[in-house]
Amino acid sequence: MSFEPKILGIACNWCTYTGADLAGTTRLKYPQNLRVVRVMCSSRINPSFIFRAFQLGADGVLVGGCHPGDCHYNTGNLYARRRLATTKKILEFAGFEPGRLRVEWISASEGNKFAEVVAEFTAQIRNLGPQAKLKIQE
Amino acid sequence: MSRIGVFVCHCGLNIAKTVRVSELAEFAATLPDVVVARDYKFMCSTPGQEMIQHDIKKYNLDRVIVTACSPLMHENTFRKVIENAGLNQYLLTIVNIREQVSWVTSDIEEGTAKSKALLNGAVYRARLLAPLTSRVIDVNPDVMVIGAGIAGIQAALELANTGKKVYLVEKNSTIGGHMAQFDKTFPTLDCSACILTPKMDNVLQHKNISMLTYCEVTEVKGYVGNFDITIKQKARYVDHSKCNACLACTEKCPGKGISEWDESLVKRKAIYIPFPQAVPQKPIIDKNSCTYFLKGKCRLCEKVCEQKAIDFEQQDSFINVKVGAVIVATGYDLMDTKPLVQYGYGKYPGVYNALEVERLFNSAGPTAGKVTQRDGKEPQSIAILHCIGSRDKNYHEHCSRVCCMYSLKFAHLFKEKTSADVYQFYIDMRAAGKGYEEFYNRLLEENVKFIRGKGARVTQSTEEPGRLIVEAEDTITSKFMKLPVDMVVLSPAIVPRADYKDIARLFNLSTDKQGFFMERHPKIAPLSTMSEGIFIAGVCQGPKDIPDTVAQALGAAAEALTIVVKDKMELEATTAMVNPASCCGCQNCVRVCPYGAPAFNYEKRVSEINEALCKGCGLCASVCPSSAIIARHFTNEQVLAEMEGLMEF
Amino acid sequence: MLKKTAIEKISQLAAVLMEKGTLLAPVKEVSGHNFAEINDPQKVDLSFYNTIMSPKGAFFPHKEDFVKYKIGKPLSEAEPAVLNLKPAFLFGVRPCDVKSFEIMDIHFDAAGIIDPYWRFRREATTIFGYAYDLNQPVDSADFYNTLGIYAADPEGSDIFMVKKDKELLLKAITKKGENLLSELAVLKDGSAADEKYFTEYVNKGKEYKTRFMTLDQEAIAKKLEDIFDNTDFWTKMSAACLSCGICTFVCPTCYCFDICDDTLFGKGTRRRVWDACMFTDFTLEASGHNPRTQVYQRLRQKISHKYSYHIRKYGVISCVGCGRCTRYCPVNIDIYSIVEAALKA
Amino acid sequence: MTEFKKIEENLKTEATRLLKEGLVTVVLAYGKGFDENHPMPYAAKTIADVENIVFNEYCNYNMARYLVRYPQGTKIAIAVKAADSRAVIQLIQEEKVKRENLVILGIPVQGMKNPKTGEIIDSKTTCGMYNPVLYDLLLGEEVHGAKSASPYDVLAEYEKMDKEARWEFWKKEFDKCIRCYACRKACPMCYCDPCFIDQSKPKWADKAPQSPGNMMYHLTRFHHLAGRCIDCGECSRACPVDIPLYLFHKKVAKECEEMFNQAAGMSIEDKPVLVDFRVEDSDKILE
């Protein structure tokens, strides 16, 4: 059986989650590997959520937020950008593939971008293969 | 142990076509804590809703999962459904298998598998949900307006006319703002005073407006619906309750101060009203120019005042006001152009800034409306330099928006009042308002000379003493030019008030790079701010002309009204709270919150969150290193559990 | 019975023991030596002073899984952990550490309180005590003499080993040890001279001096009771204490643990994990109340437990003077000095 | 007199003066331990206590770690070496202490030694600075040594490692962890009580010393210290199993400096970088 990556999505309620809805209402097709958690703002994402997602066996984590400047809460994504960038650097230095974490700004009107990003990221993770480094071995 | 009911919707064929809904319900039934799982054609229909309510009672459910369309679609519908069945509305979880699954795949295997994963995540999350109740608070019906320029005046009148009590706070001794300094307004050239002074008078007379001039806000406590604001009434040294505005004092006063109102072009008395139509028509004493305060002797005003209104002992006093909403309309300053030495402002008497010129035109101004220069002569040639300090990366990047039009207005008035040649040095001519392009066209006919090129430098003529040379590149002919003129008018950048940082701090407003107050959203919430219940209007939000300012003021009044029109309001339930036992006192939450909801309790050494200010974004929870902040409905446990559920299958 | 082998042939002995069961012996790690289950006989390394971690983990591992279960399923489906009851050999234990097992037995294998995990492992294990190398200087942190223990004390070991030049002498101390030694054909018989050397070595061990103070159990137990409320004393003693868990984790006689339920994907494991009285959450109650929030309270607890409560309850000090807590303390807190200071307080 | 002895004398003199004049209630410095090679962090509260103050090459402790132990408002004198002073600055930034309550006694670098290895502590395991960044009094001659190598040079070897090799390296290191938490307790910036890892709600990781929990603890801790770690290296020196935590902290510090143009603990006016942002921050940092 070919490798079907499990990708965890964390999407902000106002932009990316709504953008994902738009992808749906416009019937865009994209790979079914993504499972989305809805949070109110990308800034809600604690770096430990990311580490935990990989421990839970996520092969990739996709974080979606509003474009900088468009945050529903004004500046949340600007903090998120710094915090997630740092998270990535930490993963990278640990020897983990930083490419398994991706942050994208997807607005509520960018249903197509959402679908494209999911397709592209899924392909990328498929290439990287199963994530075994942080995954908890049962 | 929870008792979870799972309700899977077919959404006709919208879902059922690419997700095997009955298989999904069967799968749900195998999950721990799931007591009942059903599928149904249209869960949102009346029979669907009744089915959920029936099962809640029959199975004594304490959690409900609706597996259907996006929560943005029907979360509220189903919240009401379970609430009507006696369950707290926050015990609902929606699994979005339409927008996120059935509509984005054509493979029923994939669709069913992903739906199972999503549903499992929801079960994990649902177990940890907690009932939440929104707090209902009383709303104070009064409104405060800060700044009594045209924006503040308009907003105050509008609100007062609806019957609301308004406190209009002005830091100067008169209301009116910059507009009261103008002579004519563009593009119609109607008289500024004619349209403004009746409004000023209305404010004075209005029974619902409490006018607080010569006042400054010093402290803001509370939150939407319940602001508690302290205002400093600066000492006027004149008891306005006694003063009958005879102004005998101002005639006798030997003191000499510089008239702020006339942009320092002339002197005024130490006891004075700024201008004849000032409201209130009652004087104040300027301590810095009063002979008594400076030398300890004089008190002439006291002697002539029959009302015994002069009070040299007067102190600053503090007034406490409670309001439900606030409109900030603090206006602007003109950029100080002295540091731009290349233009010679402050060095050459022939260089003026725009507001000074406004006063020169004004019949109540220092020259009684005659255009004469500081040396008393009428200018024979005048250069108007646009974009001084604005649209300039070295100073202010923004366009000050009104300068093009008032420069045209100046040109027209110069032509009307003098025989001078008038030159406009501009980068682009921006005339994008109603009637503005027409006004520009009209000026093109009035023999005003337009030079497309930014004035680069103003020097003194070596040949003709007293004359100025404007250097510029005419970008149309690509020629460098040196134009001798008598008078130079600078159109400086419009910048925020010098004290904008204090206002921003007091009301917890964000500012943009230039210091203008930030609206909550540039398009759909242009008058609200990140602080609930605080609205902005006029130029304090960004440069704009009078029509836009008035429109904003009316909008802000309406916004404020939506709050104070009700006596109670419901607060967000999904707010954050601090578990004091875990708080490490790092104050990260205080540093990041755009709403100022967390505050540090220095006594207990822990942060506390004012739920009335919290919008529930959860930023504080993620920057809290010791996990002391509980972002309700999106708690760490809930998110971690949902992730675990999503990743299990 | 006395047997011997060349030290360079230790790996042969190790190989034999590995065949018979599980061998736990010191191996060299980056930071020093530690006991580890041997899977390569070459790894056994006797050139150590003492291990970083005490050998208590052989019977009381840092993490011990008790039972695996599934959430939402009946208890009858839960699977208790299966104990590996193969014979085990704990090789190269210093006399002070050997002594610690007796103290630990009080908690895990005494009338009424029997911990099967501890007891079964203890019973299945043969202890090879190992005298300190008397030619090596004493570490300044050690003070086992104070607790009546000597560098070449065979008591408590099943087999006791001393080094003789390039040879290792192994003497059976208990019946269990004797049985084992007789089975180990890889060893040579010791001579009478070896016997003499062994006895002399044991005696010479008494001259190998660690720090020493005369410690009257009753006196120190009482003293610590008396100064319980002397906050000044304890604050001073703990001024440098970081309240980390090193001292208790390396300690051979600290036995506190926590029972945790760890779950993932609906499956759970109930396990025992070492805990430490130096941790803030050690005494955190479900109500949120914590009776020991201050560092001085925690240090006081640790010292008083070992040198007072333990004496009152079981008649012995819960310390063997191995010096680990002092040696590995990042800020050089010294239990010996604290006890000394307490007596003077 | 050796420079160490001189500083010890100065420490004693200043401690006596400060305590005598009532300017401070406690002097955080170094004191006698159970023998000469084992000095301890020390809190002198009376003039009589001053006698116990020592200073030698093993007084590597970062005394800033103890600042938060005293109630707010306590007047404290604290002996700081270069990195330690940055910890003090960072704590002032984070409002854990107030500048006006501190008398900072600066100690220029003297060739402190790692007590475990006997090696000189230099830019390999610390920030490698010579003189404290902030102090009220300097207790020795300012050191104008040759500009030390960048504190980040030591990283090169690890940065160029193959990703898989680096993972193996760190996995092995973190697997060693016995979760004694000496690293966080020795760290002046780890003042959370409780630490996230100790919590049961949410439970971020297992308590047992095994890979998943160890990873969660260390990776998250690196993030919590991102832009705050002042590179004193105490975490590594405290570690009983010698995990080179300093390396990871250095790397995160280096990345933060590159991304946000700010080093930790260099100015009391700064704001910790991860609770701050600039509109101009580039999306490039996310690549």
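Here the structure is a predicted model, which means the values were calculated and not measured.

A few points about the overall build of chain D
For chain D, the count of helices and strands is eight helices and five strands. Shown N-terminal to C-terminal, the secondary structure of chain D runs as helices and strands in the order α-β-β-β-α-β-β-α-α-α-α-α-α. In summary, chain D has a C-alpha radius of gyration of 19 Å against a globular reference of 19 Å for 287 residues, a match within 12%. Each of the three principal axes of chain D carries a C-alpha extent, and together these read 55 × 45 × 45 Å. The buried share of chain D, taken over its 287 residues, is 61%. Working note: accessible area of chain D is about 11,000 Å², and carbon and sulfur atoms make up 51% of it. The distance from the centre of the 40 positive side-chain charges to the centre of the 43 negative ones in chain D is 5 Å.

A short note on the interface of chain B and chain A
Facing 45 residues of chain B, the contacting portion of chain A comprises 41 residues. In total, about 3,900 Å² of surface goes out of reach between chain B and chain A, with carbon and sulfur atoms giving 58% of it. Three residues stand out in chain B for area buried against chain A, namely Trp103, Phe634 and Met647 of chain B, and they jointly supply 18% of the buried area on that side. Where chain B meets chain A, there are two salt bridges. When the shortest N-O distance is used, the salt bridge between Arg52 of chain A and Glu644 of chain B registers 4.0 Å. Linking chain B with chain A are 16 residue pairs in polar contact (both at pLDDT 80 or more).

Digging into the sheet that holds strand E4 (residues 92-96) of chain B
All names here are of chain B. Ordered in space as E2-E1-E3-E4, the four strands form an open sheet in which the pairing is parallel. If you trace the sheet from one side to the other, it starts and ends with strand E2 (34-40) and E4, each paired once. Pairwise comparison of adjacent strand axes, ignoring direction, gives a mean angle of 15° for this sheet. Pairing analysis gives five bridges linking strand E3 (residues 63-68) to E4, with the strands arranged parallel. Bridge pairing in E4 links Val66 to Ile94. The sheet contacts of helix H4 (residues 71-84) involve E3 and E4, and relative to E4 the element is tilted by about 150°.

What to know about the side chain of Arg632 of chain B
Residues and elements named next belong to chain B. Along the chain, Arg632 falls in the loop between strand E34 (629-631) and helix H18 (636-648). Within polar-contact distance, the side chain of Arg632 engages the side chain of Thr575 at 2.7 Å. Once residues within four sequence positions are removed from consideration, Arg632 is found in contact with Leu132, Ala573, Thr574, Thr575, Ala576, Met577 and Glu611.

Structural notes on the side chain of Arg35 of chain A
Of note, Arg35 of chain A is situated in strand E2 (residues 34-39). Buried within the structure, Arg35 of chain A lacks any salt-bridge partner; its nearest side chain of opposite charge belongs to Glu4 of chain A, at an N-O separation of 8.4 Å. If sequence neighbours within four positions are ignored, Arg35 of chain A has contacts with Lys6, Ile7, Leu8 and Gly9 of chain A together with Ala117, Leu118, Leu646, Met647 and Phe649 of chain B.

Some details on the domain arrangement of chain D
Residue and element names in this part refer to chain D. The assigned domain composition of chain D is domain 1 (4-138) and domain 2 (155-286). With centres defined by C-alpha atoms, the gap from domain 1 to domain 2 works out at 24 Å. With 28 residues of domain 1 at the interface, the matching set in domain 2 holds 30 residues. Taken over both partners, the interface formed by domain 1 and domain 2 buries close to 2,300 Å², and the fraction arising from carbon and sulfur atoms is 55%. Together, Arg65, Arg86 and Gln93 form the three largest contributors to the area buried by domain 1 at its contact with domain 2, with a combined 26%.

Topic: the packing of aromatic side chains
The way to describe two aromatic rings as a pair is by their centre distance and the angle between their planes. For the structure on display, the rule yields 51 aromatic pairs over all chains. Between Phe27 of chain B and Phe649 of chain B the ring centres are 5.5 Å apart and the planes differ by 80°, which places this aromatic pair in the edge-to-face class. Taken together, the residues span a long stretch of sequence, with Phe27 of chain B in helix H2 (residues 21-29) and Phe649 of chain B in the segment after H18 at a distance of 622 residues. Here the aromatic cluster, defined as three or more aromatic residues joined through ring pairs, consists of Phe59, Phe60, Phe101, Phe108, Trp118, Phe249, Tyr255, Phe257, Trp274 and Phe279 of chain C together with Tyr181 and Tyr217 of chain D.

What counts and how
Residues numbered from 1 in each chain as written. Chains lettered and ligands numbered in written order. Predicted model: local features only at pLDDT ≥ 70, side-chain atom pairs only at ≥ 80, totals over all residues. Heavy atoms only, no water. Helix = DSSP H or I, 4+ residues; strand = E, 2+ residues; numbered from the N terminus. Rg over C-alpha atoms; globule rule 2.2 N^0.38 Å. Buried < 20%, exposed > 50% of the residue type's maximum accessible area, 1.4 Å probe, protein only. Areas by Shrake-Rupley, 256 points an atom, 1.4 Å probe, with all protein chains shown as cover. Lys, Arg positive; Asp, Glu negative; His and termini not counted. Charge placed at Lys NZ, Arg CZ, Asp CG, Glu CD. Contact = heavy atoms within 4.5 Å. Buried area = accessible area lost by both parts, 1.4 Å probe. Salt bridge = Lys/Arg side-chain N within 4 Å of Asp/Glu carboxyl O. Polar contact = N/O pair within 3.5 Å; in protein donor to acceptor, adjacent residues only side chain to side chain. Pairing = 2+ DSSP bridges. Axes fitted to C-alpha atoms, helices over the stretch in contact; angles between N-to-C directions. Domains from an automatic or database assignment. Phe/Tyr/Trp six-rings, centres within 6.5 Å; stacked < 30°, edge-to-face > 60°.

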